[in-house]
Amino acid sequence: MSRLNTAPISEASGQAAQLFAAIKSAVGMVPNAYAGIGSLSPVALESALHLDGALRKSSLSAKEIEAIKLAVSEQSGCDYCLAAHSLMGKKAGLSAQAIDGVRHDRPSGDDRLDVLADFARRLVATRGTVPADVVERVRAVYSDAQIVDTLLAVTAITFTNLFNRVNDTVLDFPPAP
């Protein structure tokens with residue numbers, strides 16, 4: 001059961017109702033995380049959606065974005081985002097092996113994704129300056145622009161991870177394996 005007092009989607013008005021209608025039109029439903037965020041702060045939901053929209057225009061592929069989101073969600077222990085992004089990762093073309101690999105620091109079958117997932121995990125687990133060898137390892141495979149876009153993806157998923165961990169958002173996706 002959710003911890004924060006969220007209003008049902010059917011009671012939304014104004015900006016929240018507009019955002020919910022757009023989400024439902026795009027994906028066929030309003031995921032519980034978005035419903036919770038939007039019912040409490042339409043500004044936060046709109047910002048999160050804009051951030052994800054910007055990511056789709058970034059230098060990273062959909063597979064790479066989902067690999068980052070899975071690695072960070074595993075690191076933070078967000079069951080909701082793991083469920084959602086396991087499904088989204090599959091839709092983006094990640095295999096079951098790749099999803100398991102980027103989540104659990106095992107070979108994914110794609111060396112580039114392994115480097116990217118390792119960088120994302122280390123980034124969120126590190127306090128202070130990220131060690132030079134970690135940065136150099138990712139720079140050997142990804143451009144500096146892609147590294148900055150990786151930071152954007154980490155930022156986007158961190159917000160929803162935090163919301164879901166505070167709210168204990170009820171899963172409306174199949175649980176992650």
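Relevant structure appears above.
Computed from a prediction, not measured in an experiment: that's the story for all the values here. Each chain has its residues counted from 1, running along the sequence as written. The predicted nature of this model means local features are confined to residues of pLDDT at least 70 and side-chain atom pairs, given and counted, to a pLDDT of 80 or more, with totals for whole chains, interfaces and linings taken over all residues. Derived side-chain values reflect all non-hydrogen atoms in the structure, with water molecules and hydrogen atoms excluded from consideration.

Some details on the pattern of salt bridges
Phase 1 of the analysis: Within this document, salt bridges are pairs made up of a side-chain nitrogen of Lys or Arg and a carboxyl oxygen of Asp or Glu, the two lying within 4 Å of each other. Under the defined criterion, the tally for this structure stands at ten salt bridges.
Phase 2 of the analysis: For the salt bridge of Lys-69 with Asp-52, the shortest nitrogen-to-oxygen distance reads 2.7 Å. In this pair, Lys-69 is assigned in helix α4 (residues 62-76) and Asp-52 in helix α3 (residues 42-56), connecting sequence segments 17 residues apart. With respect to class, Lys-69 is no different from Asp-52; both count as buried.
Phase 3 of the analysis: Between Arg-137 and Asp-118 there is a salt bridge, with the nearest N and O atoms lying 3.3 Å from each other. On the criterion of sequence distance, the pair formed by Arg-137 in helix α8 (residues 132-139) and Asp-118 in helix α7 (residues 111-125) is long-range, its members being 19 residues apart.
Phase 4 of the analysis: Classification of residues uses two cut-offs on accessible area relative to the type maximum, computed with a 1.4 Å probe and protein chains only: under 20% is buried, over 50% is exposed, and between them is partly exposed. Take Asp-118: its relative accessible area is 14%, and that puts it in the buried class.
Phase 5 of the analysis: One continuous salt-bridge network, built from bridges that share partners, spans Asp-118, Arg-122, Asp-133 and Arg-137. Secondary structure elements follow DSSP: runs of H or I of four or more residues count as helices, runs of E of two or more count as strands, with numbering from the N terminus.

Considering the packing of aromatic side chains
In this description, a pair of aromatic rings is defined by centroid distance and the angle of the planes.
Phase 1 of the analysis: Classification of ring pairs rests on two measures: the distance between centres of Phe, Tyr or Trp rings, Trp counted by its six-membered ring, which must be within 6.5 Å, and the angle between planes, read as stacked under 30 degrees, edge-to-face over 60 and tilted in between. This model, assessed by the stated rule, comprises one aromatic pair.
Phase 2 of the analysis: Here the basic side chain of Arg-112 rests over the ring of Tyr-142, its NZ or CZ set 4.2 Å away from the ring centre. Think of it as a cone above the ring: NZ of Lys or CZ of Arg counts as a charge over the ring if it is within 6 Å of the ring centre and within 35 degrees of the ring normal.

Focus on the packing of helix α1 (residues 14-27) against helix α2 (residues 32-40)
Phase 1 of the analysis: To get an axis, a line is fitted to the C-alpha atoms, and for a helix only the part in contact is used. The angle between two axes follows their N-to-C directions and goes from 0 to 180 degrees. Look at α1 against α2: their axes get within 9 Å of each other, and the N-to-C directions meet at 160°. Judged on the interaxial angle alone, α2 and α1 are roughly antiparallel. Relative to α2, α1 is oriented so that their crossing is right-handed. Contacts between α1 and α2 involve Ala-16, Phe-20 and Ile-23 from the first element and Tyr-34, Ala-35, Gly-38 and Ser-39 from the second.
Phase 2 of the analysis: Gly is placed with the polar residues, together with every amino acid not listed as nonpolar (Ala, Val, Leu, Ile, Met, Phe, Trp, Tyr, Cys and Pro) or charged (Asp, Glu, Lys and Arg). Considered class by class, the residues forming the contact of α1 with α2 number five nonpolar, two polar and no charged. An angle counts as roughly parallel when it lies under 35 degrees, as roughly antiparallel when it exceeds 145, as roughly perpendicular when it falls between 65 and 115, and as oblique in every other case. Handedness of a helix crossing follows the sense of rotation of the near helix relative to the far helix, less than a right angle counterclockwise being left-handed and clockwise being right-handed. We call two residues in contact whenever any of their non-hydrogen atoms come within 4.5 Å of each other.

Note that every value here comes from positions in space, so none of it alone points to a role or purpose.
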